[in-house]
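Here is what each chain is made of, one letter per residue.
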Amino acid sequence: MERLGNRDRTEAHRLSEREVSESNPAAQPSGNFTGCLDSARHDEAIFGVTYCPVEKTPRSIIHLDMDCFYAAIEVRDRPSLRGKPVAVGGARDRRGVLTTCNYEARKFGVHSAMPTFMALQRCPNLIVLPTRFDVYRREAAVIRGILYRFTSLIEPLSLDEAYLDVSGHPGAPGPLAQVIRGTIFREAKLTSSAGIGPNKLIAKIASEMNKPNGQFEVRPEEVSRFMQDLPVRKIWGIGEKTERKLEELGVKACGELQRFSRPELVDLFGKFGLDLYDLCRGIDDRPVEPDRPRKSLSTEETFAVDLTTLEQCEEKLEELFQDLMADLAQKESTREITKIFVKLKFNDFTRTTAERAGLAPTLPDFRSLLNEAFARTGKPVRLIGVGVRFADTEPENAQMNLL
Ligand code: DCP
Ligand code: MG
């Protein structure tokens, strides 16, 4: 039986989901009266008074992402692996999946979430190591500690990724990112990459540009140029489906998307169209939110042998249920649960989720959802996931840090 680091992947999914569902930019912190817009200067000329309309202070955001995080830790701890293709994940004979791999392995077309057997076909010398989540968590905590020396405005996205709002820092953000990355490297012996920009959207896109062990800065005056040729897929909230829809309209780059008016985008994409209008221009007002509460918690398992009967599934469900309860007690003991769900993935990789509001997180209720999901296809089951979703508001004293 094999756990595949699902919890961390669930975190990652949670965050991307959340990014999509948070398409309405949160309210801005009140603007500062730091500069006068042209119109204000005009007013001043006419009325002889100094009047500055509220102007948003430009932020400085760093998006920091560790390079091939789990694999880098494994290689650091076993120097004989340096230079060799290394991956972390489940074994081939147990139908494992890779959580990640180092850059040597990526040259062979190996990547995270790839089944291990496929990765070994592409790269026969690949060294596949089992996951050590306790070690990765500890390392993430060390890195988080380093980040807090530079700013307290940190929004973790997953174990190895965070936004930092460094607007209040006296130094320029580019050199500051160098210093942060240098400190991480000196103290943790791990490399990282950073994107620096006036908002989260730009910083996140920029952090991929000089990966691994590099950084890329987009200054406020460079945003417009930067967005022009950027593929629309890089924008948060644009998945494969939206990308295809845009391609049908002849739109590949953000510059092309900028030709659409707000009403046109709303016609095409509903409310998200309004966000899109801003995002394709590099405008993103979402503040860095330290410690965002999670929306859901789940656990799942991929089986070495497909489960063909409901009884087999029920047996596994019980184990997963126990795991979920333990996790809940440890991480989110005070949150109000609004929904519970059971997810099944079948042997042909299709999936279904049975989900209901108002059900208690009890074994009989999970069992009834399992029954419902199983009855939908009757196909052999490859994976079962169980989870809960939380109410939006968070009691003040709740524990929500990932680490
Ligand atoms: N992870 C996982 N399952 C995935 C993707 C990632 O368990 N499908 C884990 C392993 C990664 C860690 O999360 O080491 C961080 O994810 P990233 O997407 O940042 O990937 P890496 O840090 O491994 O590589 P990169 O250098 O591209 O950031
Ligand atoms: Mg990373």
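None of these values were measured; they are calculated from a predicted model.

K.L.:
Tell me about the overall build of the protein, and name the residues and values.
P.N.:
Secondary structure summary: the protein contains 15 helices and 12 strands in total. Counting only residues that meet the buried cut, the protein has 32% of its 403 residues in that class.

K.L.:
Before we move on, could you go through the confidence of the model for the protein and cite the residues and values that matter?
P.N.:
Confidence along the protein averages 84 in pLDDT terms, with 83% of residues attaining 70 or more. Considering only residues more than four positions removed or in separate chains, one finds that residues 1-55, a stretch of pLDDT under 50, has 67 contacts. Low pLDDT, under 50, characterises residues 394-403; the stretch is placed with 19 contacts to residues that sit more than four places away or in other chains.

K.L.:
Account for the packing of helix 14 (residues 310-331) against helix 15 (residues 363-377), with residues named and values stated.
P.N.:
In the contact formed by helix 14 and helix 15, the axes pass within 10 Å of each other and the chain directions differ by 140°. Taken together, helix 14 and helix 15 sit at an angle that is classed as oblique. Taken as a pair, helix 14 and helix 15 cross one another with a handedness that is right-handed. Where helix 14 approaches helix 15, its residues Leu310, Cys313, Glu314, Leu317, Glu318 and Phe321 are matched on the opposing element by Leu363, Phe366, Arg367, Leu370, Asn371 and Phe374. Among the residues forming the contact of helix 14 with helix 15, the class breakdown is 8 nonpolar, 1 polar and 3 charged.

K.L.:
Requested: an account of the sheet that holds strand 8 (residues 215-217), with residues and values cited.
P.N.:
Spatial ordering of the open sheet is given by 5-6-1-7-8, a layout of 5 strands whose pairing is mixed. Among the strands making up the open sheet, the edge pair consists of strand 5 (154-158) and strand 8. On average, each strand axis in the sheet is inclined to that of its neighbour by 15°, with strand direction left out of account. Here strand 1 (residues 61-66) pairs with strand 7 (residues 192-197) via 6 bridges, running antiparallel. Bridge assignment links isoleucine 61 to a residue of strand 7, and that residue is glycine 197. Across the sheet, helix 7 (residues 173-188) touches strand 1, strand 7 and strand 8, and the angle it forms with strand 7 is around 165°.

K.L.:
Could you give an account of unusual backbone geometry, naming the residues involved and the relevant values?
P.N.:
Keep in mind that most residues, glycine aside, have a negative phi and that most peptide bonds are trans. A cis amide bond links lysine 211 with the next residue in sequence, proline 212, at an omega value of -5°. For proline 212, the location among the structural elements is in the loop between helix 8 (200-207) and strand 8. Although it is not a glycine, lysine 189 sits at a positive phi angle of roughly 60°. Within the fold, lysine 189 resides in the loop between helix 7 and strand 7. What makes lysine 189 exposed here is the crowd of 12 C-beta atoms within 10 Å. Not every positive phi belongs to a glycine, and phenylalanine 349 is a case in point at roughly 70°. Tracing the backbone shows phenylalanine 349 in the loop between strand 10 (337-346) and strand 11 (351-357).

K.L.:
How would you explain the environment of alanine 105 if you had to name every residue and give the values?
P.N.:
Along the chain, the position of alanine 105 falls in helix 4 (residues 103-106). Not counting residues within four places of it along the chain, the set of residues in contact with alanine 105 comprises Pro85, Val86, Ala87, Val110, Cys123 and Leu126.

K.L.:
I'd like to hear about helix 7, residue by residue, with values.
P.N.:
An ideal rise of 1.5 Å per residue puts 22 Å on 16 residues; helix 7 measures up with 22 Å between its terminal C-alpha atoms. Buried residues belonging to helix 7 abut strand 1, helix 6 (133-148), strand 7 and strand 8. Just downstream of helix 7 lies lysine 189, where phi reads positive at about 60°.

K.L.:
Just give me the short version of the nonpolar core, but keep the residues and values in it.
P.N.:
With 35 residues, the main nonpolar core has Ile62, Leu164 and Cys280 as its most contacted residues. When residues of this core are traced back to their parent elements, those giving at least two are strand 1, strand 5, strand 6 (161-165), helix 7, strand 7, helix 8, helix 11 (254-257) and helix 13 (272-279). The greatest single-element share of this core, amounting to 5 residues, is contributed by helix 8.

K.L.:
Would you mind going over the environment of leucine 328 in detail, with residue names and values included?
P.N.:
With respect to the helices and strands, leucine 328 occurs in helix 14. Considered as a pair, leucine 328 and serine 298 are 30 residues apart in the sequence and their alpha carbons are 8.9 Å apart. Ignoring any residue separated from it by four or fewer positions in sequence, one finds leucine 328 in contact with Leu297, Ser333 and Val388.

K.L.:
Quick rundown of the sheet that holds strand 9 (residues 296-307)? Include the residues and the values.
P.N.:
Read from one edge to the other, the open sheet built from 4 strands follows the order 9-12-10-11, with strand pairing classed as antiparallel. The strands lining the two open edges of the sheet, one partner per strand, are strand 9 and strand 11. Strand-to-strand, the axes of this sheet are offset by a mean angle of 15°, without reference to chain direction. In this sheet, strand 11 lies alongside strand 10 in antiparallel orientation, the contact comprising 7 bridges. Considered in strand 11, the bridge of phenylalanine 341 is made with glutamate 355. In the packing of helix 15 onto the sheet, contacts are made with strand 10, strand 11 and strand 12 (381-390), and the angle to strand 10 comes to roughly 35°.

K.L.:
Describe the packing of helix 12 (residues 262-269) against helix 13, with residues and values.
P.N.:
Their axes nearest at 7 Å, the elements helix 12 and helix 13 cross at an angle of 130°. Classified by the angle their axes make, helix 12 and helix 13 are oblique. Between helix 12 and helix 13 the crossing geometry is right-handed. Across from Arg262, Leu265, Val266, Leu268 and Phe269 in helix 12, the residues of helix 13 making contact are Phe272, Gly273, Leu274, Leu276 and Tyr277. When its residues are assigned to classes, the contact of helix 12 with helix 13 shows 8 nonpolar, 1 polar and 1 charged.

Conventions we followed
Residues numbered from 1 in each chain as written. Chains lettered and ligands numbered in written order. Predicted model: local features only at pLDDT ≥ 70, side-chain atom pairs only at ≥ 80, totals over all residues. Helix = DSSP H or I, 4+ residues; strand = E, 2+ residues; numbered from the N terminus. Buried ≥ 20, exposed ≤ 12 C-beta atoms within 10 Å, placed from the backbone. pLDDT = per-residue confidence, 0-100. Contact = placed C-beta atoms within 7 Å. Axes fitted to C-alpha atoms, helices over the stretch in contact; angles between N-to-C directions. Parallel < 35°, antiparallel > 145°, perpendicular 65-115°, else oblique. Left-handed = near helix turned anticlockwise from the far one by under 90°. Nonpolar A, V, L, I, M, F, W, Y, C, P; charged D, E, K, R; others polar. Pairing = 2+ DSSP bridges. Expected span 1.5 Å × (residues − 1). Core = buried A, V, L, I, M, F, W, Y, C linked by C-beta atoms within 7 Å.

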